[in-house]
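# Coordinate inspection notes
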There are 2 protein chains.
Amino acid sequence: MTAPAHGQEVVPKFRGPATTAPLGVELSERETPLHPDTRRRAPAAHVTLDAVAREAGVSLATASRALNGTTRVRDDLRGRVRAAADLLGYIPNAHAQALASAEGNRTVGVICHDVGDPYFAGIASGVMRAAAEQDLLVMLASTFREPSREIAYVSMLRAQRARAILLIGSGFQDRAWERAMDAELEPYVRAGGRVAVVSRHRSMRVDTVQPENRAGAAALAASLVELGHRDFAVLSGPPELTTVADRLAGFREGLAAAGITLGRVVRGAFTREGGHAAARQLLAAGDARPTCVFAVTDVMAVGALAALREAGVRVPEDMSLAGFDDIPVVREVSPPLTTVALPLTEMGEQVIALALRTPSRAGRSRVLRIEGSVVLRGSTGAPPGS
Amino acid sequence: MTAPAHGQEVVPKFRGPATTAPLGVELSERETPLHPDTRRRAPAAHVTLDAVAREAGVSLATASRALNGTTRVRDDLRGRVRAAADLLGYIPNAHAQALASAEGNRTVGVICHDVGDPYFAGIASGVMRAAAEQDLLVMLASTFREPSREIAYVSMLRAQRARAILLIGSGFQDRAWERAMDAELEPYVRAGGRVAVVSRHRSMRVDTVQPENRAGAAALAASLVELGHRDFAVLSGPPELTTVADRLAGFREGLAAAGITLGRVVRGAFTREGGHAAARQLLAAGDARPTCVFAVTDVMAVGALAALREAGVRVPEDMSLAGFDDIPVVREVSPPLTTVALPLTEMGEQVIALALRTPSRAGRSRVLRIEGSVVLRGSTGAPPGS
DNA sequence: CCGGACCATGAAGGCGCTTTCAGAAAGCGC
DNA sequence: GCGCTTTCTGAAAGCGCCTTCATGGTCCGG
């Protein structure tokens, strides 16, 4: 569908004036020297193994064996093949390889909510490191928290015959979605695909890296009570996320153990802005203010901290604030945030290891529980007037 | 290819004891219900188009056409094929598709230094968003700043016949490396592959999103001079990174324009810790302290800020501090950092757009210049004693 | 010096799909 | 009703590679 060839090609030798595009960016073209044959728009075909074999004067089969080392090949032939491959710049076609060999390809799929979020970036970083060690390529997808998109991605990864699919981040408490996801995953697993997840527990019979959200939140609550707090509020996220539900429940349990009932729960988006808005909403409410606030994620806590500062609420003198996850940024803000630390990078490494490990007895899924540890930092202190 | 049915199925009803693993994590197995035929380790073959065609009672060719809509197919047949595909849970084999059609596959490769770094996470996020819109799958690789690994990844992406390869982040000023990279990229481009980069300019005749590092740093310098500063220091990164060289040079130029010579330049790693260490080193030196410090990236600036605080140096009262990039965290620290803002997400969207756009006249590579804008925040002020 | 065991090699058959190419069916004007 | 064009369908040829399978050659003991 290329334009009909002109008899004469006219390339204006024109160093484009800096045309100014919106947003303060500038687009220009620069001329580059080119090999004569590149000018013709005839995408030089890729070098195939066949060409290598011919160049080396051996059969296709031998060339394949020489390059992959599957079978012994006479040394001199192997040398010739290698040399030919080099000379021609041969790169095997991974698709053809995957198709021909039952071995499956060397790619794994990772689906998270948003790589831009430090929580996922941390886990993804761990996954990448582990993948690199095993010589695997990672296909990363961000769902931007849209459940349907997550399913669509699983489907795409299935089409790619990814060796494993990793689902990172809270699932959704939605029956229909769960069923759809299960319907997508089940045939994949049956066909030999591996699945592992981080932070999901409902209806998933797959290997899981499970942060102890509930216990962690409970422990945090206990620590905060110990500081002297009695009036609490929680900045919560979307209730359909299992992580949110667990942390909230855990926090409640922790308080209950000390005979305290949780006060207000304000709901916000699972982002910095969500935390900011929730905190403002909390302050706006006329009620007596809590002495301590727990944001279900650090990302939200950071937003909340900003909101408190803007409102002139001193942390921790007027109000204590705590989060969950221990993303890097919480150590940089001031005061640094008290939180429940999760080993994010390590979790990423674990989840891929779990997926790739030889499956245990058929039908058994493993659960790797990750205990969070409460880290008290400057954002929490004794309640005012104590 | 289904497993032979058993007469009787015996599934041990055994809830595995929780075996405790190192690192405060706990590994346990849980039993899951399984379809009888899943027990046999005979990875149920994938459903093929052939099966769908047979189920629908049409030829392979028709089934293909019906599903892809490449040619008109009688409505009732198309319906039957669709239904059969659905029923069987057919998912096309992307490898086979890629191999058969010259269309190439729908994946793009992205190589960055480290997704865990907020700078790259921001750009990656933009890439992912744009890719999602175009229904593309992204293969993401982190080099962890090892040049050779970058080349290896390009090679892997070539093997995958990725539609485009995006190189994100500063290149290395190293002749041998450049040559090797070029040798890898050139055949790829000749074969119709697209390449686009962010922040590279040496020896690359490819589409580029180029932040104006030099101009940005110069403008920052001018702004700082305007605040009254005369004594400057720079916390610099690995000199082989082009970005570092440009920002440093730009900052020098900006100062020179005001007749000022740059004082100390302390070199550190391109990380938070690198910035921290560099700042400490700067303070440790007996010299008269500069009144203003420029860290070549925000990530380093954040580390430097921590170091200054630890050393009891007040920012900006005792010393001003500025960074470059405007990653999200700099707005959260206190004081918030002065920096040169780059539209990271947008840059990610642009670089993929650039790569995917129909190539301009043969041999022309486009350069999209991104102007950074100086954002003065709390971390900079008038020099002490003024 | 011959037969069998062993090995490296080449020919050929897929892997699952797209896409010509040719043929059957249907619609049209004369 | 005939010949023509216009549609749509099915057969078959690959895409690039791996992997039996069979073959020719070599090495050994007998």
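These figures come from a predicted structure and were not determined experimentally.

## Describing the overall build of chain A
A count of helical and extended segments in chain A gives 13 helices and 14 strands. Of all 386 residues assigned to chain A, the portion counted as buried reaches 52%. Considering only contacts in chain A between residues 6 or more positions apart, those separated by 24 or more positions represent 74%. Approximately 17000 Å² of chain A is accessible, and the part contributed by carbon and sulfur atoms is 53%.

## Digging into the protein's contact with DNA strand C
By nearness alone, 25 residues border DNA strand C, and Thr62 and Leu77 of chain A together with Leu49, Ser64 and Tyr90 of chain B come closest of all. Among atoms of DNA strand C positioned within 4 Å of the protein, sugar and phosphate together represent 66%. Between Arg65 of chain B and DNA strand C, the recorded distance is 3.5 Å, taken from a side-chain N or O atom to a base oxygen. Interatomic distance of 2.5 Å between a side-chain N/O atom of Tyr90 of chain B and a phosphate oxygen of DNA strand C. The element that contributes the greatest number of residues to the surface near DNA strand C is helix H3 (residues 60-68) of chain B, accounting for 5 residues.

## Let's talk about the protein's contact with DNA strand D
As a matter of local geometry, DNA strand D sits amid 25 residues, with Leu49, Ser64 and Tyr90 of chain A together with Thr62 and Arg65 of chain B nearest to it. A share of 66% of the atoms of DNA strand D within 4 Å of the protein falls on sugar and phosphate groups. Side-chain polar atom of Arg65 of chain A to a base oxygen of DNA strand D: 3.5 Å apart, as the coordinates give it. The element contributing the most residues to the surface near DNA strand D is helix H3 (residues 60-68) of chain A, with 5 residues. Per-class residue counts for the surface near DNA strand D are 13 nonpolar, 8 polar and 4 charged.

## Here we look at the nonpolar core
Within the largest apolar cluster, 194 residues are counted, with the highest numbers of intra-cluster contacts made by Leu166, Leu235 and Phe251 of chain A together with Leu166, Leu235 and Phe251 of chain B. Excluding anything up to four places from it in sequence, Phe251 of chain A contacts Ala217, Ala218, Leu220, Ala221, Leu224, Phe232, Val234, Leu262 and Phe294 of chain A.

## Regarding the pattern of salt bridges
All names here are of chain B. Under the criterion given, the structure shown has 36 salt bridges over all chains. Its salt-bridge partner being Glu184, residue Arg158 comes within 3.0 Å of it at the nearest N-O pair. Placement of the pair is Arg158 in helix H7 (residues 147-159) and Glu184 in helix H8 (residues 175-190), with a sequence separation of 26 residues. Judged on exposure class, the residue Arg158 and its partner Glu184 are both buried. In this structure, the salt-bridge partner of Arg175 is Glu178, at a minimum N-O distance of 2.5 Å.

## Examining helix H13 (residues 344-356) of chain A
An α-helix turns once per 3.6 residues; consequently, residues spaced three or four apart project the same way. Residue and element names in this part refer to chain A. Here H13 is 13 residues long and its end C-alpha atoms lie 19 Å apart, about the 18 Å a rise of 1.5 Å per residue gives. Within H13, burial applies to Leu344, Glu346, Met347, Gly348, Val351, Ile352, Leu354, Ala355 and Leu356. Those residues of H13 that are buried lie in contact with strand E3 (107-112), helix H6 (118-133), strand E5 (164-168), strand E6 (194-198), strand E7 (207-211) and strand E13 (364-370).

## A closer look at the side chain of Thr338 of chain B
Residue and element names in this part refer to chain B. Position of Thr338 among the secondary structure elements: in the loop between strand E11 (320-322) and strand E12 (339-341). Within polar-contact distance, the side chain of Thr338 engages the backbone nitrogen of Arg377 at 2.7 Å. In this structure the side chain of Thr338 is engaged in a polar contact, spanning 2.6 Å, whose partner is the side chain of Thr380. In this structure, Thr338 is in contact with Leu220, Leu321, Ala322, Gly323, Val375, Leu376, Arg377, Ser379 and Thr380, ignoring residues within four places of it in sequence.

## Let's talk about the sheet that holds strand E9 (residues 265-267) of chain A
All names here are of chain A. The strand order E9-E8-E10-E11 describes an open sheet built from 4 strands, whose pairing is parallel. The sheet is open, and its two borders are formed by E9 and strand E11 (320-322), each paired with just one other strand. Going across the sheet, the axis of each strand differs from the next one's by a mean of 20°, ignoring polarity. The pairing of strand E8 (residues 232-236) with E9 spans 3 bridges and is parallel. Note that in E9 the partner of Ser236 across the bridge is Arg267.

## Here we look at the sheet that holds strand E9 (residues 265-267) of chain B
All names here are of chain B. If you walk across this open sheet you meet the 4 strands as E9-E8-E10-E11, and the pairing is parallel. The open sheet has two free edges, formed respectively by E9 and E11, since each of these has just one partner strand. Going from strand to strand, the sheet's axes swing by 20° on average, the running direction of each strand aside. For strand E10 (residues 292-295) and E11, the ladder comprises 3 bridges, and the chain directions are parallel.

## Let's talk about the confidence of the model for chain A
All names here are of chain A. With 87% of its residues at a pLDDT of 70 or more, chain A has an overall mean of 86. Contacts from residues 1-24, a stretch scored under 50 in pLDDT, to residues over four places away or in other chains number 20 contacts. Within the model, the stretch residues 32-41 combines pLDDT values under 50 with 19 contacts to residues more than four positions away or in other chains.

## Overview of the pairing of E8 of chain A
All names here are of chain A. Judged by how many residues are buried, E8 sits mostly within the fold: 5 of 5 residues are covered. Strand direction decides the pairing type here: E8 and strand E10 (residues 292-295), joined by 4 bridges, are parallel. Residue pairing across strands places Phe232 opposite Cys292, the latter belonging to E10. Taken together, E8, helix H10 (residues 242-257) and E9 form a β-α-β motif whose crossover is right-handed.

## Quick word on the packing of aromatic side chains
Per the stated rule, a full pass over the model turns up 8 aromatic pairs over all chains. On the numbers, 5.0 Å between centres and 80° between planes, the contact of Phe172 of chain B with Trp177 of chain B is edge-to-face. Comparing Phe172 of chain B with Trp177 of chain B, the two get one shared label, buried. An aromatic cluster of three or more residues is present, and its members are Phe232, Phe251 and Phe294 of chain A. Here the guanidinium or amino end of Arg247 of chain A rests over the ring plane of Phe324 of chain A, the centre of that ring lying 3.8 Å away.

## A closer look at unusual backbone geometry
Cis rather than trans, the peptide bond between Val315 of chain B and Pro316 of chain B has omega equal to 10°. Among the structural elements, Pro316 of chain B can be located in the loop between helix H12 (298-310) and E11. Cis geometry is adopted by the peptide bond preceding Pro335 of chain B, which originates at Ser334 of chain B and carries an omega value of -5°. By secondary structure assignment, the location of Pro335 of chain B is in the loop between E11 and E12. In this model, Asp135 of chain A sits at a positive phi of 65°, which is unusual for a non-glycine residue. Looking at the secondary structure, you find Asp135 of chain A in the loop between H6 and strand E4 (137-142). In this structure, Phe144 of chain B is a non-glycine residue whose phi angle is positive, near 50°. Tracing the chain through its elements places Phe144 of chain B in the loop between strand E4 (137-142) and H7.

## Brief notes about the packing of helix H9 (residues 213-226) of chain B against helix H10 (residues 242-257) of chain B
Residues and elements named next belong to chain B. Look at H9 against H10: their axes get within 7 Å of each other, and the N-to-C directions meet at 40°. Here the hand of the crossing between H9 and H10 comes out right-handed. Contacts between H9 and H10 involve Asn213, Arg214, Ala217, Ala218, Leu220, Ala221, Leu224 and Val225 from the former and Thr243, Asp246, Arg247, Ala249, Gly250, Phe251, Glu253, Gly254 and Leu255 from the latter. Considered class by class, the residues forming the contact of H9 with H10 number 9 nonpolar, 4 polar and 4 charged.

Cut-offs and rules
Residues numbered from 1 in each chain as written. Chains lettered and ligands numbered in written order. Predicted model: local features only at pLDDT ≥ 70, side-chain atom pairs only at ≥ 80, totals over all residues. Heavy atoms only, no water. Helix = DSSP H or I, 4+ residues; strand = E, 2+ residues; numbered from the N terminus. Buried < 20%, exposed > 50% of the residue type's maximum accessible area, 1.4 Å probe, protein only. Contact = heavy atoms within 4.5 Å. Areas by Shrake-Rupley, 256 points an atom, 1.4 Å probe, with all protein chains shown as cover. Near = heavy atom within 4 Å. Polar contact = N/O pair within 3.5 Å; in protein donor to acceptor, adjacent residues only side chain to side chain. Nonpolar A, V, L, I, M, F, W, Y, C, P; charged D, E, K, R; others polar. Core = buried A, V, L, I, M, F, W, Y, C linked by side-chain atoms within 4.5 Å. Salt bridge = Lys/Arg side-chain N within 4 Å of Asp/Glu carboxyl O. Expected span 1.5 Å × (residues − 1). Pairing = 2+ DSSP bridges. Axes fitted to C-alpha atoms, helices over the stretch in contact; angles between N-to-C directions. pLDDT = per-residue confidence, 0-100. Right-handed = clockwise from strand over helix to strand, strands pointing away. Phe/Tyr/Trp six-rings, centres within 6.5 Å; stacked < 30°, edge-to-face > 60°. Lys NZ or Arg CZ within 6 Å of the ring centre and 35° of its normal. Left-handed = near helix turned anticlockwise from the far one by under 90°.

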